[in-house]
Amino acid sequence: MNIRIHHFFDIIRDFGSGKKITPHSNLHAYHIIAEQILKNSDIEFEIVVESDAVCKGCIHLENSLCDDTISHRKDFTMKEDFNNYLDKRIIDICGIELSEKYSPKLLCKIANRYIENIEFIYEGNNLEHTLLRKENVIKGLRYYSQKHRFKIDI
Ligand code: SF4
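The rules we used
Residues numbered from 1 in each chain as written. Predicted model: local features only at pLDDT ≥ 70, side-chain atom pairs only at ≥ 80, totals over all residues. Heavy atoms only, no water. Helix = DSSP H or I, 4+ residues; strand = E, 2+ residues; numbered from the N terminus. Expected span 1.5 Å × (residues − 1). Buried < 20%, exposed > 50% of the residue type's maximum accessible area, 1.4 Å probe, protein only. Phe/Tyr/Trp six-rings, centres within 6.5 Å; stacked < 30°, edge-to-face > 60°. Lys NZ or Arg CZ within 6 Å of the ring centre and 35° of its normal. Axes fitted to C-alpha atoms, helices over the stretch in contact; angles between N-to-C directions. Parallel < 35°, antiparallel > 145°, perpendicular 65-115°, else oblique. Contact = heavy atoms within 4.5 Å. Nonpolar A, V, L, I, M, F, W, Y, C, P; charged D, E, K, R; others polar.

### Some thoughts on helix H1 (residues 5-17)
Reasoning step 1: With 13 residues, H1 should cover 18 Å at 1.5 Å per step; its first-to-last C-alpha distance of 19 Å lies within 8% of that length.
Reasoning step 2: With respect to burial, H1 is a largely interior element, eleven of its 13 residues being buried.
Reasoning step 3: Residues of H1 that are buried: Ile5, His6, His7, Phe8, Phe9, Asp10, Ile11, Ile12, Asp14, Phe15 and Gly16.
Reasoning step 4: Of the residues one or two after H1, Gly18 is the one with positive phi, at around 80°.

Right, dumping it as structure tokens:
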């Protein structure tokens, strides 16, 4: 399965916040991928910097690019550009190799680097939102690692 790394951490954050993950009006597959991750910590992921399995079916997916816009930042207007920027930052910080395969379990084990650098990664976003994200990702990592019985360094 192809996945954008920030989508993975969004899903872990939602596990942590206890949000019910239901089908979205944009018709993307976020809820389906979240369910697969929830059930199986060994799924094989290829980390990509492009539209991914979550984007499947989305009304904003046009010729494999996201045509949605964002308004919460001064430096980006197109979601595709911001997503690519964000994913590259996370990939660099977590030392992810695009040529290698990852599982949810492995990504959780290296998530301490994401957590430690989260203010830098999301610099330019609302700090309060980023700190809430941090809190919920940590909760999500603890919940998920306990559910699948593996240890994390957080
Ligand atoms: S196409 Fe854009 S809006 Fe739709 S799921 Fe992908 S990133 Fe999100």
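### Side note on the packing of aromatic side chains
Reasoning step 1: Under the counting rule described, the total for this entry stands at ten aromatic pairs.
Reasoning step 2: Both rings, one in Phe8 and one in Phe45, keep their centres 5.9 Å apart while their planes meet at 70°; by these two values the pair is edge-to-face. Here Phe8, found in helix H1, pairs with Phe45, found in strand S2 (residues 45-47); they are 37 residues apart in sequence, far enough to count as distant.
Reasoning step 3: The class of Phe45 is buried, set by a relative accessible area of 0%.
Reasoning step 4: Between Tyr114 and Tyr122 the ring centres are 6.2 Å apart and the planes differ by 85°, which places this aromatic pair in the edge-to-face class. Across the pair, exposure class does not vary: Tyr114 and Tyr122 are buried alike.
Reasoning step 5: Among the aromatic side chains, those forming a connected cluster through ring pairs are Phe8, Phe9, Phe45, Tyr114 and Tyr122.
Reasoning step 6: Positioned above the aromatic ring of Phe120 is the side chain of Arg89, whose terminal nitrogen or guanidinium carbon lies 4.1 Å from the ring centre.

### Comments concerning the packing of H1 against helix H7 (residues 127-147)
Reasoning step 1: The N-to-C vectors of H1 and H7 enclose an angle of 80°; their axes lie 6 Å apart at closest approach. Taken together, the axis directions place H1 and H7 in an arrangement best described as roughly perpendicular. Here H1 contributes Phe9, Asp10, Ile12, Arg13, Phe15, Gly16 and Ser17 to the contact with H7, which in turn contributes Arg133, Asn136, Val137, Lys139, Gly140, Leu141, Tyr143 and Tyr144.
Reasoning step 2: Within the contact of H1 with H7, the residues separate by chemical class into seven nonpolar, four polar and four charged.

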